[in-house]
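This is what each chain is made of:
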Amino acid sequence: MSDTTPNARRMSMIEAINDALDVMMARDCAVIVMGEDVGYFGGVFRATAGLQKKYGKTRVFDTPISECGIIGVAVGMGAYGLRPVPEIQFADYIYPGLDQLVSEAARLRYRSAGEFTAPMTVRTPFGGGIFGGQTHSQSPEALFTHVAGLKTVVPSTPYDAKGLLIAAIEDNDPVIFFEPKRLYNGPFNGHYDEPAVPWARHPDSLVPAGHYRVPLGQARVVRAGEAVTVLAYGTMVHVAREVAERQGIDAEVIDLRTLVPLDIATIEASVNKTGKCLIVHEATRTGGFGAELSALVQERCFHALEAPIERVTGFDTPYPHSLEWAYFPGPVRIGEAFARLIAA
Amino acid sequence: MTNGNLPRLSLHVPEPPYRPGAQVDFATLKVPPAGMQPRPDETCSAVDTHPLCLDMVRVLGEDHRAHGPWDPGLDAATLIRMLRLMALTRAFDARMVRAQRQGKTSFYMKSTGEEATAVATAMALAEDDMVFPSYRQQGLFIARGYPLVDMVNQIFSNRADKLKGRQLPIMYSAREQSIFSISGNLATQYPQAVGWAMASAIKGDSRIASAFLGEGSSAEGDFHSALTFAAVYNAPVVFNLVNNQWAISSFSGFAGGERTTFAARAIGYGIAGLRIDGNDPLAVFAAVRWAADRARANAGPTLIEHFTYRAEGHSTSDDPGQYRSAAEGTQWPLGDPIDRLMRHLIAIGAWDAGRQAAMDAEVDAQVRAAVRAAEANGTLGHGLHHPFRTMFEDVFETLPWHLVEQSRQAIHERHVKWPEWSDDADAGEGR
């Protein structure tokens, strides 16, 4: 697509998310949006701005500060036949709602043998890079990928954010939709000390008007290459790609986009071609989704591997406030992993 | 460590009054006479109900007659139907415990003494009001006509189990009867009922929701989230809190019952609340109908505390003789719901001992027939269950690749364990 594509316009990720909600609310009167501060105010990140005015207070409304209640009522609404899109203000706040997600939303179809389902898309900003400290920076995706019955989605561009969110809302299973908040207003490349770049200059900020889907379970090869496969999602897609390009490494960067269901075919094809694999995520290391990816690549591509799989992650500490950039898996950590793989 | 002259703090750990072997004295339990409690209009201010949160709505008196403004005025045929449904529930429970002891299933939970809370509630609600039960409301399923044989199939986890052998016995699901899938995690159904009720209100529907939990699980955050949401959005929902005094071995004091009544939780949330004699089927019917009418009139949610007694163990895995006095049950001052309704029917000249005996024989035969029919479909661990591949279905709407791979592994293991078993069989009954 280019700027001359009809009915497409440049958007930030937050605008693209807002547009997806707008499109789905207009198409399907079963779609409702709720969460803390999402109504009149339009959300602390503005993701729901204007929606209450357009669709009314019974379809877009504020909720009590109770994540257990938000997810719990969403299960009941889904069982009734609505398609709730609850917002959890920060992924760090999701834990009071965990039982309703893990034991209820994720299991309802199974335990009732399909009599009842809980379609819902839980939107929640995650990740660091905004000086949020330990309670506004976490990446808890591995807690959800571990749960049978939940789908886990992470967009990395405005185009994908809109298309994936529409696909998630239309999906009949519960979806956790993690929005990398550092990417809301620009494609952060890891160089926090350089001027911020707005989405407008990025090719994937051109977002078509109206309805389109980016199917769940399909990864995207962001950059084709021969030397090493990079598996990443969210913010780290941009960071890893920037490092590869600055170091002149012919990396094949794969944006997973959906962690469950995972696009294993794209991963296998790439690693079998390059023989080397670097996995990057911002979340803590031990038991992180990178461990699952590493095991899958080892099991399925062992004979193609020419070097040990590298994992670059956040450290196994809470996300610190003042030392945020020391924690963040940035260009140095990724660059050294690239160097080890290339030298192997 | 103490600080100067400040008094030493001490921790209060609640202790139930009657441990095994103890003499029981219920004189301190305030049981008001039937018929004395005022009945405000269904659309009254919630505050007008709050005195009733500390009282106890009762209809059936010691004279076995119905008294006062809460008398629902049901005709004899309806009362006999209510009696029969409670008797059927009790007969079902008795037979299922026997089946568990015979090894036909792993687990069962009786509702003895609490039959009115489920049966009379089901009769007071509209048939398509959505009910979110906890695990001891088999009377709901029975009252709404969910086939007994399907209940037994589920309990036996056999090939005809509509839930494909996935759920612990008694965790039924009955969409056709407007009863939500039962969870083993406590209190989660409360906010879900509120969400369903909110959805009904969003869509301008006329159906309401009703939820059940026990006094023990009212300590869960879900209970409080549910009441908050219901109060905030004026959700059309009837909350039933069955206070049967015991949560396995923990008495109601561990849920806060020493301080105030459970119905009094409604006062703090500013919603309507009623505390009722849960062993009085007419009081249960009248209170639930009142609350349902209130919700249907957009006048908001109601919390009803059904004050009752768990006459048996928590489940087949529990022996209440280990932790509570057996005299509690025999001397329970509110009696037994089936016995009380039977005596009422006799008192109004609509019933007699002969008809009671005949009914007991009929419901027992009905249960036996259902068990026989279910046994033909297999019992747990003996014979027929669902095919292996069904284990992987319904995790998601469609099978992702990793579940396809794991399904192949499960079927491979079956071939290893039973080489004589053919692939065709897996498409049918499985092993």
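In this text, all values refer to a predicted model and were calculated from it rather than measured experimentally. (Residues numbered from 1 in each chain as written. Chains lettered and ligands numbered in written order. Predicted model: local features only at pLDDT ≥ 70, side-chain atom pairs only at ≥ 80, totals over all residues. Heavy atoms only, no water.)

Enquirer: Could you clarify how one ought to interpret the overall build of chain A in this entry?
Expert: A tally of helices and strands in chain A yields twelve helices and 14 strands. A compact globule built from 344 residues would reach a C-alpha radius of gyration of about 20 Å, and chain A, at 19 Å, matches this within 12%. A sequence separation of at least 24 residues applies to 79% of the contacts in chain A between residues at least 6 apart. Summing over all exposed atoms, chain A offers an accessible surface of approximately 12100 Å²; the carbon and sulfur share of this is 53%. On chain A, the mean spot of the 31 positive side-chain charges and the mean spot of the 39 negative ones are 4 Å from each other. (Helix = DSSP H or I, 4+ residues; strand = E, 2+ residues; numbered from the N terminus. Rg over C-alpha atoms; globule rule 2.2 N^0.38 Å. Contact = heavy atoms within 4.5 Å. Areas by Shrake-Rupley, 256 points an atom, 1.4 Å probe, with all protein chains shown as cover. Lys, Arg positive; Asp, Glu negative; His and termini not counted. Charge placed at Lys NZ, Arg CZ, Asp CG, Glu CD.)

Enquirer: Just to check I follow, could you spell out the overall build of chain B for this structure?
Expert: In terms of helices and strands, chain B carries 14 helices and seven strands. Taken over C-alpha atoms, the radius of gyration comes to 23 Å for chain B, in line with the 22 Å a tight globule of 431 residues would show. Dimensions of chain B, computed from C-alpha atoms along their principal axes, come out at roughly 70 × 70 × 55 Å. For chain B, buried positions account for 56% of its 431 residues. Long-range pairs, those at least 24 residues apart, make up 75% of the contacts in chain B with a sequence separation of at least 6. Within the structure as shown, chain B displays about 17400 Å² of accessible surface, and the carbon and sulfur contribution to it stands at 52%. Here chain B carries 41 positive and 49 negative side-chain charges, and the mean point of each set is 2 Å from the other. (Buried < 20%, exposed > 50% of the residue type's maximum accessible area, 1.4 Å probe, protein only.)

Enquirer: Would you explain the interface of chain A and chain B in this entry?
Expert: Frequently, the measure chosen for interface size is the accessible area that the parts lose on association. At the interface, 45 residues of chain A touch 45 residues of chain B. If you look at where chain A meets chain B, you find one salt bridge. On inspection of chain A and its partner chain B, the count reaches 22 residue pairs in polar contact (both at pLDDT 80 or more). If you list the elements that add at least two residues to the side of chain A that touches chain B, you get β3 (60-62), α3 (67-80), α4 (98-105), α5 (108-111) and α10 (289-301) of chain A. Of the residues forming the side of chain A that touches chain B, the biggest block, ten residues, is contributed by α3 of chain A. When grouped by side-chain class, the residues that make up the side of chain A that touches chain B number 24 nonpolar, twelve polar and nine charged. (Salt bridge = Lys/Arg side-chain N within 4 Å of Asp/Glu carboxyl O. Polar contact = N/O pair within 3.5 Å; in protein donor to acceptor, adjacent residues only side chain to side chain. Nonpolar A, V, L, I, M, F, W, Y, C, P; charged D, E, K, R; others polar.)

Enquirer: I'm lost on the sheet that holds strand β3 (residues 237-243) of chain B in this one. Help?
Expert: For sheets, the rule is that strands pair by backbone hydrogen bonds, running either parallel or antiparallel. All names here are of chain B. In spatial order, the strands read β1-β2-β3-β7-β6; together these five strands make up an open sheet with parallel pairing. In this open sheet, the two strands that pair with only one neighbour each are β1 (130-132) and β6 (272-277). Pairwise comparison of adjacent strand axes, ignoring direction, gives a mean angle of 20° for this sheet. Where strand β2 (residues 209-214) lies against β3, six bridges are found, and the strand directions are parallel. In the strand pairing of β3, L213 is matched with L241. Contacts from helix α6 (residues 189-202) reach β1, β2, β3 and β7 (302-307), with the element oriented near 170° to β2. Each of β2, β3 and β7 touches helix α7 (residues 221-233); the most contacted strand, β3, lies at about 150° to it. (Pairing = 2+ DSSP bridges. Axes fitted to C-alpha atoms, helices over the stretch in contact; angles between N-to-C directions.)

Enquirer: So what exactly am I meant to see when it comes to the nonpolar core here?
Expert: Proteins that are soluble and globular tend to have nonpolar side chains buried together. Formed by 81 residues in total, the largest nonpolar core has its most connected members in L256 of chain A together with Y190, V194 and F239 of chain B. When residues of this core are assigned to their parent elements, the largest contribution, eight residues, is made by α3 of chain A. Setting aside residues no more than four positions away along its own chain, V194 of chain B makes contact with V73 of chain A together with A226, F229, A230, A235, V237 and F239 of chain B. Grouped together as the second largest cluster of nonpolar side chains are 79 residues, I80, A87, L88 and L341 of chain B included. (Core = buried A, V, L, I, M, F, W, Y, C linked by side-chain atoms within 4.5 Å.)

Enquirer: What is the right way to read the pattern of salt bridges from this model?
Expert: Two side chains carrying opposite charge are able to pair once their charged atoms lie near each other. All names here are of chain B. Applying the stated criterion across every chain, the model contains 44 salt bridges over all chains. Of the charged contacts in the structure, one is a salt bridge between R136 and E114, with a shortest N-O distance of 3.9 Å. Remark: E114 occurs in the loop between α2 (76-101) and α3 (115-124) and R136 occurs in the loop between β1 and α4 (138-143); sequence separation between them is 22 residues. Exposure remark for R136: the relative accessible area of 5% places this residue in the buried category.

Enquirer: Even after reading the chapter, I still don't get the sheet that holds strand β11 (residues 251-255) of chain A, so can you show me in this structure?
Expert: All names here are of chain A. Pairing is mixed across the open sheet formed by five strands, whose spatial order is β9-β11-β10-β13-β14. Two strands close off the open sheet at either side, each with one partner strand: β9 (220-223) and β14 (310-312). Ignoring strand direction, the axes of neighbouring strands in this sheet form an average angle of 25°. By the bridge criterion, five bridges tie strand β10 (residues 228-232) to β11 in an arrangement that is parallel. Of the residues in β11, the one forming a bridge with T229 is E252.

Enquirer: Sorry, what's going on with unusual backbone geometry here?
Expert: Generally, phi is negative for residues other than glycine and the peptide bonds are trans, each holding for most cases. Backbone torsion omega between V260 of chain A and P261 of chain A reads -5°, so that peptide bond is classified as cis. Assignment of secondary structure puts P261 of chain A in the loop between β12 (258-260) and α9 (264-274). Backbone geometry at R257 of chain A places phi at a positive 65°, although glycine is not the residue there. Here R257 of chain A lies in the loop between β11 and β12. By relative accessible area, which is 9% here, R257 of chain A ends up buried. Phi is positive for I170 of chain B, close to 80°, though the residue is something other than glycine. Within the fold, I170 of chain B resides in the loop between α5 (148-156) and α6. With relative accessibility at 2%, the residue I170 of chain B sits in the buried group.

Enquirer: Looking at this model, I keep getting lost on a nonpolar patch on the surface. Mind explaining?
Expert: Residues and elements named next belong to chain B. Taken together, the side chains of L11, V13 and F254 make up a nonpolar region of the molecular surface, amounting to roughly 360 Å² of accessible area. Along the polypeptide, L11 turns up in the segment before α1 (50-53). You can call L11 exposed: its relative accessible area is 77%. (Patch = residues over 30% accessible without salt bridge, like charges linked within 9 Å, V, L, I, M, F, W, Y side chains within 5 Å.)

Enquirer: I would appreciate a short explanation of the side chain of R324 of chain B in the present structure.
Expert: Residues and elements named next belong to chain B. Along the chain, the position of R324 falls in the loop between β7 and α10 (327-330). Nearest to the buried, unbridged R324 among oppositely charged side chains is E328, at 4.8 Å. For R324, the side chain forms a polar contact with the side chain of Y309, separated by 3.4 Å. In this structure the side chain of R324 is engaged in a polar contact, spanning 2.8 Å, whose partner is the backbone oxygen of R310. Look past the residues within four positions of R324 in its chain and what remains in contact with it is Y18, R19, P20, W246, Y309, R310, A311 and E312.

Enquirer: What is the right way to read the pairing of strand β7 (residues 175-180) of chain A from this model?
Expert: Taken residue by residue, a regular strand's side chains alternate between the two faces of the sheet. All names here are of chain A. The buried count for β7 comes to six of six residues, which makes it a mostly enclosed element. Of the two faces of β7, the one carrying V175, F177 and E179 and the one carrying I176, F178 and P180 are both buried. Bridging between strand β5 (residues 121-126) and β7 involves six bridges; their strand directions are parallel. Looking at the pairing, T124 lines up with F178 of β7. Where strand β6 (residues 151-153) lies against β7, three bridges are found, and the strand directions are parallel. Following the sheet pairing, K151 is matched in β7 by V175. For the handedness criterion, the β-α-β arrangement of β6, helix α7 (residues 158-170) and β7 is classed as right-handed. (Right-handed = clockwise from strand over helix to strand, strands pointing away.)

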